[in-house]
Amino acid sequence: MADLAKIVEDLSALTVLEAAELSKLLEEKWGVSAAAPVAFAAPAAGGAAPAEAAEEQTEFTVVLVDGGDKKINVIKEVRGVRSDLGLKEAKDLVEGAPQNVVENVSKQTADEIAKKLTEAGAKIQIK
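The structure displayed is predicted, hence computed values, not measured ones.

Brief notes about the overall build of the protein chain
Looking only at helices and strands, the protein chain features six helices and three strands. For the protein chain, the N- to C-terminal ordering of α and β elements is α-α-α-β-α-α-β-α-β. With 127 residues in all, the protein chain has 19% of them scored as buried. In the protein chain, the share of contacts with a sequence separation of at least 24, taken over all contacts with a separation of at least 6, comes to 64%. Just so you have it, the protein chain exposes about 9500 Å², and 56% of that area is on carbon and sulfur atoms.

Quick look at a nonpolar patch on the surface
Where nonpolar side chains cluster on the molecular surface, the patch consists of Leu4, Ile7, Leu11 and Leu14 and spans about 330 Å² of accessible area. Looking at where leucine 4 falls in the secondary structure, it is placed in helix 1 (residues 4-12).

Let's talk about the confidence of the model for the protein chain
Overall, the predicted model of the protein chain reaches an average pLDDT of 76, with 81% of residues at or above 70. The low-confidence segment residues 36-40 (pLDDT under 50) makes zero contacts with residues lying over four places distant or belonging to another chain.

Re the nonpolar core
In this structure, Val62, Leu64, Val74, Val78, Val101 and Leu117 are the most contacted members of the largest nonpolar core, which totals 18 residues. At the level of elements, strand 1 (60-66), helix 4 (71-81), helix 5 (87-95), strand 2 (99-105) and helix 6 (107-119) are the ones that each hand at least two residues to this core. Contact partners of leucine 64, with chain neighbours within four places excluded, come to Val74, Leu93, Val94, Ala97, Pro98, Gln99, Val101, Ala122, Lys123 and Ile124.

So, the side chain of threonine 61
Along the polypeptide, threonine 61 turns up in strand 1. Apart from the residues within four sequence positions on either side, threonine 61 is in contact with Asn100, Val102, Glu103, Asn104, Gln125, Ile126 and Lys127.

What about the pairing of strand 1?
Consecutive side chains along a regular strand alternate between the two faces of the sheet. Here strand 1 lies mainly inside the structure; five of its seven residues are buried. Here strand 1 runs beside strand 2; their pairing, made up of four bridges, is antiparallel. Paired with phenylalanine 60 across the two strands is valine 105, which belongs to strand 2. Summarising the sheet, strand 1 and strand 3 (residues 123-126) pair through four bridges and their orientation is antiparallel. Within the sheet, the bridge partner assigned to aspartate 66 lies in strand 3 and is lysine 123.

Conventions adopted
Residues numbered from 1 in each chain as written. Predicted model: local features only at pLDDT ≥ 70, side-chain atom pairs only at ≥ 80, totals over all residues. Heavy atoms only, no water. Helix = DSSP H or I, 4+ residues; strand = E, 2+ residues; numbered from the N terminus. Buried < 20%, exposed > 50% of the residue type's maximum accessible area, 1.4 Å probe, protein only. Contact = heavy atoms within 4.5 Å. Areas by Shrake-Rupley, 256 points an atom, 1.4 Å probe, with all protein chains shown as cover. Patch = residues over 30% accessible without salt bridge, like charges linked within 9 Å, V, L, I, M, F, W, Y side chains within 5 Å. Salt bridge = Lys/Arg side-chain N within 4 Å of Asp/Glu carboxyl O. pLDDT = per-residue confidence, 0-100. Core = buried A, V, L, I, M, F, W, Y, C linked by side-chain atoms within 4.5 Å. Pairing = 2+ DSSP bridges.

Okay, here's the thing in structure tokens:
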């Protein structure tokens, strides 16, 4: 049997990035999602104290809710944000709203992208 105390000690020494990578590797290996247990744990807590702080969100998704009236400007901004998209892909993304423009970015990056797209005429939501 594995030395559980040693495993706990090793895991405690991981950086946040290493822990995130470990989580992804375990999800792939075992075919599970780390998010599922959290969803079930909250109802089990029952009368948990409201003072208990939720984990702060560190990764955000910028969602294009509506391309607006100035779709050409929005398409140009989407291409500026997503250099991996060609003109057709950017047009399809804008016309297929609601769509994720970028995923798993910092709050600052999400705000900058949302500002650019909003100024171009799009309706944006940050999740």
